[in-house]
Structures are given as C-alpha cells and as structure tokens.
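Topology and contacts: notes
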Amino acid sequence: MNSSTVSAPPPVFSPLGHGSTFAFSLAHLIPAILALLATYNFFRGRKAAQLHKRIPGPRALPLLGNLLDWPSEHQAKSMQVWSERYGPITKLSILGKNILFLTSTQTITELLSKQSAVFSDRPQLVFSQELCGLDVLHPMTPYGPDFREQRKFMKEVLAPEVQKRHEGLLAEEGRRLLRATFDNPKDAVRYLRRFSTSFALRMVYGLPPLEIDDPDVLLAEEMMAVSEYAIVGGWAVDFIPALKHLPSWIPFKRRAQYYRAKINEMMSKPWEAVKQQVMDGTATESFCSINMEKFVDGTSKHTEILVKATAAAIYGAASDTAACASHNFLLAMLLHPDVQAKAQTELDRVVGHDRLPCMADKARLPFLVSVVWEVLRWAPPVPVAIPHRSRADVEFDGYMIPEDSMLLASLYSMSRDPTVHTSVEDFNPERFLGDKPEPQPHYAFGVGPRRCPGADLAVNQLFLQAAYILSCFNIKPALDENGAEIIPVPTFSGKMVRTPNEFPFVMEARYPGVERLFMSS
Ligand code: HEM
C-alpha cells in the first residue's frame with residue numbers, strides 16, 4: 001500500500017538507528033550491549049556448530065552481525081536473491097537474534113505446516129507489540145489458548161458455512177462498483193479499494209456503505225501502512241529491548257506514540273459508532289452488533305476487548321490485501337487481453353447478457369476461477385508472510401534451528417518454485433486446468449495454522465469482482481499522444497502488501513445498454 005497515506009507523522013527516523021540524535025544518545029550504551037550479545041552468541045553458536053551444519057547466509061560483521069543486511073524494503077526480492085545463492089534457508093544474525101528466511105515450498109511446508117506446534121508462534125516485537133499496541137490484535141497473538149479462542153470466534157463471521165450471509169453484501173458492493181466505474185471509469189482502482197473497505201466495515205460493524213473519500217477508507221489505509229512499518233521496519237528496539245526505556249522524546253518512541261494513537265482510533269471509531277446504534281435501537285445486524293447485544297442481555301462468553309480487537313483485526317487485515325488483489329487483477333487483464341477475452345467468452349456462455357453473474361455460477365466458471373488463482377500466484381499481495389517464531393530447538397535437514405528464531409516465509413518464492421509451477425513468470429490460468437493441473441496457490445494466504453482466516457472470503461470476493469467487471473467492461477490500454485497503446489511494465493511498492501504502482505488503462509462498456517444490469521438496482 002502507498003505509505004504516503006500516513007499523515008503528518010513525526011520526523012522520519014531510520015529504523016535501524018542510523019539517525020544522528022539516536023546514534024549520539026546511544027553512543028555509550030550500544031557498544032556494551034553489542035559486546036555482551038556477541039560474546040554470548042559466539043559461544044552459543046560454537047556449541048551448535050560442533051554438531052550441525054551451519055545455516056548459510058551473508059557474512060556477519062564483528063559485533064553488528066548482519067544488522068546492515070536486513071531487507072526492510074522489498075523483502076521477497078532479497079530473499080529470492082539469497083535463495084539462489086544460499087539455498088532454501090538463509091540465516092541472518094542480528095544482535096543475538098537468529099532470523100531465518102525460508103524460500104522453498106518444501107521447507108516452508110515442512111516447518112510451518114508439518115511442525116506447526118513449534119513454528120506457529122509470533123516473535124515478540126517490542127516496537128509493534130509493546131510500544132504501538134498491536135499485541136491485542138490476532139495477527140500478533142502468541143500461539144496458544146488465546147489464539148485458538150480468537151480463531152474460533154472469527155468463524156462466526158468467516159467460516160465457509162456463514163459466508164452465504166455475505167453474498168448479498170458482496171453483490172450490493174459489486175453493483176456500486178459497476179455503477180461508479182460506468183460513470184467515472186478512470187477511478188476504477190479507487191472504487192475497487194472502496195469496495196474492499198466498505199464490504200469489510202459493513203460485514204463486521206454493519207455500518208452504512210462508504211464513499212470513495214470517506215475518512216474510514218483513509219483510516220483503514222493508514223492503519224495498514226502503520227502496521228507494515230511497525231512490523232517490517234526492522235526497529236533497533238526489537239533487537240535491543242532495553243532501548244524501550246529511553247525517554248519518550250527519542251524519535252522512534254515518538255513514532256510509536258503516533259502509531260499507537262492511529263491503531264486506537266481504528267479500533268475505537270467504528271466500535272463506538274455501533275455501540276451508539278445498539279443503544280438507539282438502530283443497529284443493522286453484524287458481527288459487532290450481535291456480540292454487543294449479548295453483552296447487554298448478559299449472555300456473552302467473551303470480553304469486550306476480545307470482540308473489539310477481533311473486529312478490528314478482520315477489518316484491518318481484509319481491506320488492503322483484498323484491494324491489492326483486485327488491483328493486480330486489473331493489471332493482469334490489461335497485460336493479457338487473450339486471457340480477458342477467454343474469461344468473457346466463458347461468462348457469456350454460462351451467464352449471458354440478461355443478468356449479472358452470482359456466486360452460484362462459480363462452479364460453472366472454471367476458467368474464471370483459474371484466472372483468480374493465477375492473479376494470486378502471479379503477484380501474491382503479501383509476498384512474505386507475517387514473521388513466525390520457533391518455540392523450541394529443532395533439528396531440520398542437518399541444521400539446528402534454535403528456539404526463539406524469527407522465521408520469514410517467502411510466499412513469492414513459492415509462487416516461483418519450479419518444482420511446483422512451470423514457466424513461473426508466465427501469466428497462464430490454464431496451468432490449473434486440464435489433465436495435469438498444477439496445485440492452486442493456497443499458499444498465497446500463508447501456510448499452517450497461522451494461514452489467513454479470511455482466505456475463502458477473499459477468493460469469493462475476488463471472484464465476484466472479476467466476474468462483474470469482465471461481464472460489463474473491457475479493460476484496455478490507454479493511448480499515448482501518437483495513438484499508440486501504452487503497455488505498462490508492472491512495478492509494485494509497499495513493505496508488507498505489495499500493490500501495483502499507478503498505470504494507465506481504459507475501462508469501456510462491453511456492449512451498448514450493459515448498464516441496465518446494474519443501474520436500476
Ligand atoms: C487477497 C486477500 C488476502 C491475502 C493475500 C491475505 C494473506 C494473508 C497472509 C499471507 C497472512 C499471514 C499468514 C502467516 O503469517 O503465515 C494473513 C494473515 C491474516 N489475514 Fe489475510 N489475506 C487476505 C485477505 C484477508 C481477509 C479478507 C481477511 C478477513 C476477512 C484476512 C484476515 C487475516 C488475519 C486476521 C490474519 C492473521 C492470522 C494470524 O496471525 O493467525 N485476510 N493473510
């Protein structure tokens with residue numbers, strides 16, 4: 001997502017502590033801590049090395065280790081390079097912490113799925129969890145009873161069997177998307193983003209549909225940017241926890257205060273709005289209103305903070321990721337008109353021109369379903385999963401993975417794994433069809449018990465958007481001043497969610513009168 005949406009943050013601070021104020025104030029403290037950690041690691045590392053192969057990785061500097069190798073910008077790209085150089089596991093060692101970068105399907109599946117009891121925890125990141133307050137949200141919850149309770153609770157809104165309830169809402173947001181795009185095709189990307197946030201907000205809180213510049217859309221975007229910076233930033237305090245005791249005027253602590261305020265706002269604003277509606281008797285049925293009414297009549301088994309945090313986690317995690325996937329879909333269709341035409345032919349055959357497609361058509365639209373999976377494989381919206389943590393020492397493939405290692409799994413590398421997919425750079429939905437189909441990239445949502453709980457919903461949402469758009473519009477290249485087609489070269493940005501950079505395109509109605517399918521309803 002575009003980090004520029006974070007409004008007026010405190011002065012930019014180099015996360016690893018290269019800022020001069022920071023360096024000056026720590027001038028005396030850091031060398032002592034580094035020396036202690038380095039000595040401890042030296043002996044710990046030597047003991048492990050006597051028995052096991054050394055996990056490969058870039059050469060560590062004395063004292064600093066691999067501090068300067070931390071890939072905070074485009075992690076998946078650095079990981080892909082390391083994968084070619086070092087193999088499926090690369091190790092960085094930063095101030096006493098082992099960070100393992102996993103890049104092959106086999107290794108990721110083996111560790112995160114088959115040995116999930118050990119590898120499903122989250123690292124305790126002082127910056128994001130303690131200082132910014134992200135610890136109350138499900139993506140940061142340690143693996144254990146609270147995690148399981150939250151997952152069970154989320155099923156009330158995300159389980160496949162309750163998704164039928166959301167179909168009406170998806171269709172309504174879909175028709176809003178088509179109407180707005182018909183009136184103002186240049187803004188299609190913004191309408192897709194509005195779809196995701198508005199749908200998530202309505203599903204969780206039952207609030208009215210959002211408009212394109214609604215503060216809640218902007219707040220969701222900002223929240224995602226904040227979370228990305230907090231989690232992926234590579235903050236010095238995550239490696240030297242004692243730094244959290246520094247005074248509050250230090251730049252990274254001021255930044256954390258700003259992030260904390262944004263996260264609180266995101267959790268409280270829609271929650272308080274529903275509370276008011278429940279008290280006024282005007283609430284629309286939603287995950288929050290149902291649970292709030294249980295508080296009122298005393299039948300709730302949950303605490304208020306659990307309900308509030310679960311709602312915020314779903315809303316926060318759903319908006320930006322899904323918007324990114326639909327943006328990728330537009331880009332893929334623009335670059336591959338043959339695929340677009342084939343999906344439209346299938347839609348015309350199965351659905352025709354007298355109605356809009358619906359979820360019930362999914363089973364009869366295998367090519368379109370494959371387009372959706374290929375979009376998720378070709379450009380995984382979250383190329384590197386949220387960091388995992390090992391809860392015990394584990395021997396794996398001749399290596400020793402020490403307890404408390406941080407593990408980063410590249411879902412992007414899985415999408416480019418030649419042992420699973422052929423011609424990995426090609427956009428080819430046919431790969432999932434025919435006599436020898438390749439496996440659908442369910443890994444785009446993570447692997448093991450921490451896999452995205454919203455995966456089925458996200459696939460349904462993407463399917464419906466793709467079906468609606470391709471039924472009603474052609475996505476075509478824009479023309480330059482000489483009338484030549486502009487074919488964009490895809491580029492992406494974002495720390496955790498990698499969204500396409502702006503590209504020119506044209507959306508035009510597929511046939512005269514198509515608007516009668518969505519204008520009246
Ligand atoms: C195309 C859209 C989406 C993609 C690509 C995606 C991808 C992911 C990935 C890769 C993870 C991390 C898995 C790991 O750490 O191993 C994740 C976690 C999560 N996702 Fe999604 N997601 C999407 C949409 C959604 C939606 C629609 C929801 C909710 C309705 C959602 C809710 C969550 C939550 C709550 C987590 C944290 C899980 C945990 O820590 O245990 N996501 N997602």
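Now for a description of the structure that goes with this document. All values reported here derive from a predicted model rather than from experimental measurement. (Residues numbered from 1 in each chain as written. Predicted model: local features only at pLDDT ≥ 70, side-chain atom pairs only at ≥ 80, totals over all residues.)

1. A word on the overall build of the protein
Keep this limit in mind: The secondary structure listing takes helices from DSSP runs of H or I that are at least 4 residues long and strands from runs of E that are at least 2 residues long, numbered from the N terminus. Exposed residues have 12 or fewer other C-beta atoms within 10 Å of their own C-beta, buried residues have 20 or more, and partly exposed residues fall in between, where C-beta atoms are placed from the backbone. Contact between two residues is assigned when their C-beta atoms, built from the backbone, lie within 7 Å.
Counting its regular elements, the protein contains 18 helices and ten strands. Counting the 521 residues in the protein, one finds 44% classified as buried. Considering only contacts in the protein between residues 6 or more positions apart, those separated by 24 or more positions represent 76%.

2. Topic: the pairing of strand E1 (residues 89-94)
Here is the rule: Here, a strand pair is defined by DSSP locating no fewer than two bridges between the strands.
Of all six residues in E1, six are buried, a share of seventy percent or more. Residues Ile89, Lys91 and Ser93 line one face of E1 and the alternating positions Thr90, Leu92 and Ile94 line the opposite face, and both faces are buried. In this antiparallel pair of consecutive strands, E1 and strand E2 (residues 97-102), the connection spans two residues, and Leu95 shows a positive phi of 45 degrees.

3. Considering the site of the ligand
Put simply, the rule reads: Here, nearness is defined through the C-beta atom: a residue counts as near a molecule or strand if that backbone-placed atom lies within 6 Å of it. Ten residue types, Ala, Val, Leu, Ile, Met, Phe, Trp, Tyr, Cys and Pro, are classed as nonpolar, four, Asp, Glu, Lys and Arg, as charged, and the remainder, Gly among them, as polar.
Around the ligand there are 25 residues in total, and Ala317, Thr321, Gly446, Cys452 and Gly454 lie nearest to it. For the shell around the ligand, the elements supplying multiple residues, two or more each, are helix H14 (304-335) and helix H18 (455-472). When residues in the shell around the ligand are grouped by element, the largest group, seven residues, is from H14. A per-class count over the shell around the ligand returns 19 nonpolar, four polar and two charged.

4. Details of the sheet that holds strand E6 (residues 406-409)
One key point about sheets: their strands pair by backbone hydrogen bonds, in either a parallel or an antiparallel sense. Taken in spatial order, the four strands of this open sheet run E1-E2-E6-E3, and their pairing is mixed. Across the chains shown, the open sheet's two edge strands, defined by having one partner strand only, are E1 and strand E3 (388-389). Both E2 and E6 contribute to a ladder of four bridges, which runs parallel. In the strand pairing of E6, Leu100 is matched with Leu407.

5. Re the packing of helix H7 (residues 145-158) against H14
What describes two packed helices is the angle between their axes and the distance between those same axes. The cut-off we apply is this: Comment: axis = line fitted to C-alpha atoms, over the contacting stretch for helices; angle = value between 0 and 180 degrees taken between N-to-C directions. Handedness of a crossing is defined here by the sense of rotation of the near helix relative to the far one, left-handed for an anticlockwise turn of less than a right angle and right-handed for a clockwise turn.
Their axes nearest at 11 Å, the elements H7 and H14 cross at an angle of 65 degrees. In the crossing of H7 with H14, the sense of the turn from one axis to the other is right-handed. Counted together, Gln150, Phe153, Met154 and Val157 of H7 and Leu306, Thr310 and Ile314 of H14 form the full contact between these two elements. Split by residue class, the contact of H7 with H14 holds five nonpolar, two polar and no charged.

6. Quick notes on the environment of Pro241
Here Pro241 shows up in the loop between helix H11 (236-239) and helix H12 (251-280). Sequence separation of Pro241 and Phe127 is 114 residues, and the distance between their C-alpha atoms is 8.8 Å.

7. Section: the packing of H12 against H14
Counted only if it meets this: Just so you know how the angles are binned, under 35 degrees is roughly parallel, over 145 roughly antiparallel, 65 to 115 roughly perpendicular, and the rest oblique.
The interhelical angle for the contact between H12 and H14, taken along N-to-C directions, is 105 degrees, at an axis separation of 9 Å. It follows that H12 is roughly perpendicular to H14 by the angle criterion. For the pair formed by H12 and H14, the contact residues are Met266, Met267 and Trp271 on the first element and Lys308, Ala309, Ala311, Ala312 and Gly316 on the second. Among the residues forming the contact of H12 with H14, the class breakdown is six nonpolar, one polar and one charged.

8. Observations concerning the pairing of strand E7 (residues 473-476)
Burial along E7 is one-sided: the residues Phe473 and Ile475 are buried and none of Asn474 and Lys476 is. Across four bridges, E7 lies against strand E10 (residues 506-509) in antiparallel orientation. What sits directly across from Phe473, in E10, is Ala509.

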